[in-house]
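So the chains spell out like this:
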Amino acid sequence: MASRGGFTSRIGFIAAAAGSAVGLGNIWKFPFEVGQGGGAAFVIIYLAFAFILCFPVMVTEIAIGRKTQKNPAGAFTALGFKKWRIVGLLGVLAGVLILSFYNVVAGWAFGYFIEMVQGNFEIGKDFGGFTSDVVKVGGYAIVFMLATVFIVSKGIAGGIEKASKILMPTLIIMMLALAIYAFTLPNAGKGIEFYLVPDFSKITIPVLYKALGQAFFSLSLGMGALITYGSYVSKKENIVTAAALITLADVSIAFLAGLMMFPFVFSQGLPPTGGPGLIFATLPGIFESLGPVLGIFVGSAFFLLLSFAALTSTVSLLEVPVAYVVDEHKVNRKLAVWIVAIIIFIIGIPSLLSNGASSFFSNFITYIGADKATDFMTFIGHIANDSFLPLGGALIAIFAAYFWKKHNLNEEIEQGFPGFKGTFVEKFIDFSITYLAPVILIGIFILTVLDRFFGIHLF
Ligand code: PHE
């Protein structure tokens, strides 16, 4: 353990794992997915998936990581199941793909910070112009990748722990204040209604798989990020409480982001279906309404904190392939960080170009039966988040329940949680990874592939 480094304190692990979970997924992606997925019905399904499926998978991932003290691929081998390495490799690949576009969006958030500092609230009306400016967004993406490289090369405990502890609480306080302000705006009620009053007729196959993909993405699950973080956790840690806290924190912050966003969106008369540009189009106008001085202050603080939230997530995304390369190919950590980061940046170039700069990547693929083309970045999201993560989650659950076996999982959890066996949580986690997760996840995976790639809509 000492040679790989580890978290120095209990709160350090929780803060870092929560830092991984809380990011653009909560504040940028969740609101626009809810907006496109029809509102409250999506929210309910997302919450159900998070608690029923994701929480047990999270406990399992952390336990596998702590037991083996390995990267996702090495972990399966270390447990004696060499063939299952493929699941870890799938996770490493998912991490690479996700970071390739996530870094671009993180660059946008950072770019908006710069715009807000300059008092340029008009940028909200020209989000497309902003993302098409390759030199600018490319530059921001480079800055962001460099910041990630800097933290990851310092090693897990030194870099990641410290940043998460201070910045996350600040972001939460700021969002609470903004949510309260949102309630006072005209038409706030309409936004709240959209967000909280469910219309169950809106539940379709895409809503199911989008909510599932969102839950896994937001909780950083299904690709071994938490196997990797778990590998740095002390045996004294109670994994179950840690996972419960992380799940609760992540879900609450996403929920809060929605409470803030929908009143804002409706008060500005914008459509909730605005997609990836939703927060970028909506928020500048809101900050402007605060008056020039307060507007610049709140606007720049918000996008700066959002950038930090994104940074604690990009760090965990880069850590997965880096831990893999360091452990499995015995490469020195610093070198591994640079090589992996450069490769991921290059893979991210089409995503960088896919929001206006290149019409080829902006209209990359047209699904069967779809009326308009999907851009490259969204397409990669469909593959990596919506397909790989739930599939990875299913395989991790199946692995733990049927191959590694429950008593081994329980034994690992018992360290740090004496008396775990026989508790209600133990039964719940067991039931979820043995039955619920495999059936629901594989079921939805099949529906997703049929729906999206073959145009077959079963309901
Ligand atoms: N959970 C992060 C977010 O919500 C994204 C992420 C996904 C990080 C998967 C690590 C692994 O922004």
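Overview of the structure.

Conventions used here
Residues numbered from 1 in each chain as written. Predicted model: local features only at pLDDT ≥ 70, side-chain atom pairs only at ≥ 80, totals over all residues. Heavy atoms only, no water. Helix = DSSP H or I, 4+ residues; strand = E, 2+ residues; numbered from the N terminus. Contact = heavy atoms within 4.5 Å. Areas by Shrake-Rupley, 256 points an atom, 1.4 Å probe, with all protein chains shown as cover. Core = buried A, V, L, I, M, F, W, Y, C linked by side-chain atoms within 4.5 Å. Buried < 20%, exposed > 50% of the residue type's maximum accessible area, 1.4 Å probe, protein only. Near = heavy atom within 4 Å. Polar contact = N/O pair within 3.5 Å; in protein donor to acceptor, adjacent residues only side chain to side chain. Nonpolar A, V, L, I, M, F, W, Y, C, P; charged D, E, K, R; others polar. Patch = residues over 30% accessible without salt bridge, like charges linked within 9 Å, V, L, I, M, F, W, Y side chains within 5 Å. Salt bridge = Lys/Arg side-chain N within 4 Å of Asp/Glu carboxyl O. Axes fitted to C-alpha atoms, helices over the stretch in contact; angles between N-to-C directions. Parallel < 35°, antiparallel > 145°, perpendicular 65-115°, else oblique. Left-handed = near helix turned anticlockwise from the far one by under 90°. Expected span 1.5 Å × (residues − 1). Bend = angle between axes of the 7 residues up to and from the residue. Phe/Tyr/Trp six-rings, centres within 6.5 Å; stacked < 30°, edge-to-face > 60°. Lys NZ or Arg CZ within 6 Å of the ring centre and 35° of its normal.

### Here's the deal with the overall build of the protein chain
Along the backbone of the protein chain there are 19 helices and zero strands. Here the C-alpha coordinates of the protein chain stretch approximately 60 × 50 × 40 Å along the principal axes. Summarising the internal contacts of the protein chain: among those between residues at least 6 apart in sequence, 80% fall at separations of at least 24. When the accessible area of the protein chain is evaluated, it comes to approximately 16700 Å², of which 72% is carbon and sulfur surface.

### What about the nonpolar core?
Generally speaking, nonpolar side chains in soluble globular proteins are found buried as a group. Residues F13, F302, F303 and L318 are the most contacted members of the largest nonpolar core, which totals 165 residues. At 18 residues, the largest contribution of residues to this core is made by helix α5 (residues 85–117). Excluding its chain neighbours within four sequence positions, the residues that come into contact with F13 are F7, I62, Y229, G230, V233, E237, A242 and I246.

### Overview of the site of the ligand
What surrounds the ligand is a group of 14 residues, the closest being A21, G25, Y102, F217 and S220. Contact between the ligand and Y102: an oxygen atom at 2.4 Å from a side-chain N or O atom of the residue. For the ligand, the protein covers 100% of the area, taking 330 Å² as the surface of the free molecule. Elements represented by at least two residues in the shell around the ligand include exactly α1 (10–21), α2 (24–36), α10 (205–218) and α14 (292–329). The residue makeup of the shell around the ligand, split by class, is six nonpolar, eight polar and no charged.

### Observations regarding a nonpolar patch on the surface
Together, I142, L146, W338, I342, I346 and I349 make up a nonpolar patch on the protein surface, roughly 540 Å² of accessible area in all. Mapped onto the elements of the fold, I142 is located in helix α7 (residues 134–153). I142 gets classed as partly exposed once you look at its relative accessible area, which sits at 42%.

### Details of the packing of helix α18 (residues 376–414) against helix α19 (residues 424–454)
Contact geometry for α18 and α19: axes closest at 9 Å, N-to-C directions at 150°. By the angle between their directions, the pair α18 and α19 is classed as roughly antiparallel. Both α18 and α19 take part in a crossing whose hand is left-handed. Partitioning the contact of α18 with α19 into residue classes produces 18 nonpolar, five polar and five charged.

### Regarding the side chain of E319
Positionally, E319 belongs in helix α14. Within the structure, E319 has its side chain in polar contact with the side chain of Y232 (distance 2.6 Å). Within the local environment of E319, its side chain forms a polar contact with the side chain of R333, the two groups lying 2.5 Å apart.

### Quick notes on the pattern of salt bridges
Counted by the stated rule, this structure contains 13 salt bridges. The salt bridge partner of K136 is E115, with a shortest N-O separation of 2.9 Å. Placement of K136 in helix α7 and of E115 in helix α5 is noted, with a sequence separation of 21 residues between them. Accessibility expressed as a relative area gives 33% for K136, which makes it partly exposed. Salt-bridge contacts for R452 lead to D386; the nearest nitrogen and oxygen are separated by 3.3 Å.

### Here's the deal with helix α15 (residues 333–347)
Look at α15: 21 Å from first C-alpha to last across 15 residues, which is about the 21 Å you get at 1.5 Å a residue. Where α15 is buried, its residues contact α5, α7 and α14. Two or three places before K334, at the opening of α15, N332 has a side-chain oxygen 3.0 Å from that residue's backbone nitrogen.

### Structural notes on the side chain of N71
By secondary structure assignment, the location of N71 is in the loop between α3 (40–68) and α4 (72–78). In terms of polar contacts, N71 uses its side chain to reach the side chain of E328, at 2.9 Å.

### With respect to α14
Here α14 spans 53 Å end to end across 38 residues, near enough to the 56 Å set by a 1.5 Å rise per residue. In the structure, α14 departs most strongly from a straight axis at E319, where the bend amounts to approximately 25° and where the proline P321 lies between one and four residues downstream. Of all 38 residues in α14, 27 are buried; the element is thus mostly enclosed. Just downstream of α14, K330 is the residue with a positive phi angle, here 50°.

### Overview of the packing of aromatic side chains
Inspection of every chain in the model, using the stated rule, returns 38 aromatic pairs. Seen from their ring centres, F360 and F364 are 5.7 Å apart, and the 80° between their planes marks the pair as edge-to-face. Feature note: the residues W108, F110, Y112, F113, F127, F130, Y140, F280, F287, F302 and F303 constitute an aromatic cluster, connected by ring pairs. One Lys or Arg, K29, reaches over the ring of F217 and ends 4.9 Å from the middle of that ring.

### Examining the environment of L391
When you line up the elements, L391 lands in helix α18. Distance in space between the C-alpha atoms of L391 and Y102 is 20 Å, their sequence separation being 289 residues. Once residues lying within four places of it in the same chain are set aside, the contact partners of L391 are L90 and F445.

### Describing the environment of I286
Residue placement: I286 occurs in helix α13 (residues 278–288). What makes I286 buried here is its relative accessible area of 2%. Sequence separation between I286 and A182 is 104 residues, and the spatial gap between their C-alpha atoms is 8.9 Å. Filtering out sequence-adjacent residues up to four positions away, I286 remains in contact with Y181, L185, F264, S267 and Q268.

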